[in-house]
Amino acid sequence: MKRIYLVFALALLTMTANAQNYVIDLDEIALLGTWNVSGSFGSFRFNDKGTIKTIEFADGNYTKITFANGTQTVDWIFKGYWITTVKTNNCLLHLLPWNSGESILNFRISEFDNGTMTLKTYDGAGTIILAKDTSAGVNAARMDAPKGKAYGLNGTELPTPDAATGIVIRDGRKVVQ
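The structure presented is a predicted model; accordingly, all values stated were derived computationally and were not measured. (Residues numbered from 1 in each chain as written. Predicted model: local features only at pLDDT ≥ 70, side-chain atom pairs only at ≥ 80, totals over all residues. Heavy atoms only, no water.)

## Observations regarding the pattern of salt bridges
- Taken as a whole, this structure holds one salt bridge when the rule is applied.
- A salt bridge links Asp75 to Lys64; the nearest nitrogen and oxygen atoms lie 3.7 Å apart. Placement of Asp75 in strand β4 (residues 72–85) and of Lys64 in strand β3 (residues 63–69) is noted, with a sequence separation of 11 residues between them.
- Overall, Lys64 belongs to the partly exposed group, its relative accessible area being 25%. (Salt bridge = Lys/Arg side-chain N within 4 Å of Asp/Glu carboxyl O. Helix = DSSP H or I, 4+ residues; strand = E, 2+ residues; numbered from the N terminus. Buried < 20%, exposed > 50% of the residue type's maximum accessible area, 1.4 Å probe, protein only.)

Structure below.
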């Protein structure tokens, strides 16, 4: 009986050791916004720029990494970013620098869940742990809308406010008509 338990325990240990967390099918849109660095360790090729503080992903605009170097902040600007999924079920993040003298910066996204993301260098020598900055949030609804006008939930003015049905915004409040 002890041998059965021992074999079972070894098999379970082997399966657990081989299990890996993979991020697959991640879209670039999921990265949009500012990500604050909550921890980083290891070796990076950009260590000379200072300590990385934030990464701001912008769709159709420049993406930037902000470093703190003493009392100064330094921005590293990128033309864009994209994500690929490779056959080994790894999601890879690629950053294309603005300066043509720099090479593409590549990371493996090892975790992505609930507003947190972990980036690792290809060689595994460096790790960056990021948390999504949610302080910007959703802009507040305008309360100064002209009286008598009605708006749909998407914010567009309704041409015939009294004939609209469903949920409309009238005088700064949601109303069911």
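On we go.
## What to know about the nonpolar core
- Leu31, Phe57, Ile65, Leu93, Leu95, Phe107 and Leu119 are the most contacted members of the largest nonpolar core, which has 24 residues in total.
- By residue number, the principal contributor to this core is β4, which donates four residues.
- Excluding anything up to four places from it in sequence, Leu31 contacts Leu26, Phe57, Tyr81, Ile83, Leu93, Phe112, Met117 and Lys132. (Core = buried A, V, L, I, M, F, W, Y, C linked by side-chain atoms within 4.5 Å. Contact = heavy atoms within 4.5 Å.)

## Points about the side chain of Thr63
- Mapped onto the secondary structure, Thr63 falls in strand β3.
- Since its relative accessible area comes to 0%, Thr63 is described here as buried.
- Separated by 3.4 Å, the side chain of Thr63 and the backbone nitrogen of Ala58 make a polar contact.
- Setting aside chain neighbours within four positions, we find Thr63 in contact with Glu56, Phe57, Ala58, Trp76, Ile77, Phe78, Tyr81 and Leu95. (Polar contact = N/O pair within 3.5 Å; in protein donor to acceptor, adjacent residues only side chain to side chain.)

## Some thoughts on the packing of aromatic side chains
- Evaluation of the coordinates by the stated rule reveals five aromatic pairs.
- Plain terms: the ring middles of Phe57 and Tyr81 are 4.9 Å apart, the flat faces sit at 65 degrees to each other, and that makes the pair edge-to-face. One end of the pair, Phe57, is in strand β2 (residues 51–57); the other, Tyr81, is in strand β4, and 24 residues separate them in sequence. The exposure classification of Phe57 matches that of Tyr81, with both residues buried.
- Pairing Phe67 with Trp76 gives two aromatic rings, centres 6.2 Å apart and planes at 35 degrees, and the pair type is tilted. For the residue pair Phe67 and Trp76, the accessibility class agrees, reading buried in each case.
- Three or more aromatic residues joined by ring pairs form one cluster here, namely Phe67, Trp76 and Phe78.
- Over the ring of Trp76 we find Lys49, and its NZ or CZ is 4.7 Å from the ring centre.
- Across the ring face of Trp98, the terminal group of Lys79 is positioned such that the distance to the ring centre comes to 5.5 Å. (Phe/Tyr/Trp six-rings, centres within 6.5 Å; stacked < 30°, edge-to-face > 60°. Lys NZ or Arg CZ within 6 Å of the ring centre and 35° of its normal.)

## What about the pairing of strand β1 (residues 33–42)?
- Inspection of the sheet shows β1 paired to β2 by four bridges, in the antiparallel sense. Residue pairing for β2: Trp35 is matched across the bridge by Ile55.
- Bridge analysis of β1 against strand β8 (residues 126–132) gives seven bridges, and the strand direction is antiparallel. Within β8, the residue paired with Gly39 across the bridge is Ile129. (Pairing = 2+ DSSP bridges.)

## Focus on the sheet that holds strand β11 (residues 173–176)
- What the three strands build is an open sheet, ordered β9-β10-β11; its pairing is antiparallel. Looking along the sheet, the strands with just one partner apiece sit at the ends: β9 (150–151) and β11.
- For strand β10 (residues 167–170) and β11, the ladder comprises four bridges, and the chain directions are antiparallel. In the strand pairing of β11, Arg170 is matched with Arg173.

## Considering the pairing of β3
- The buried count for β3 comes to five of seven residues, which makes it a mostly enclosed element.
- The hairpin formed by β2 and β3 contains five residues between the paired strands, and Gly60 there has a positive phi angle of roughly 75 degrees.
- Where β3 and β4 come together, seven bridges link them in antiparallel fashion. Pairing of Ile65 across the sheet is with Trp76, part of β4.

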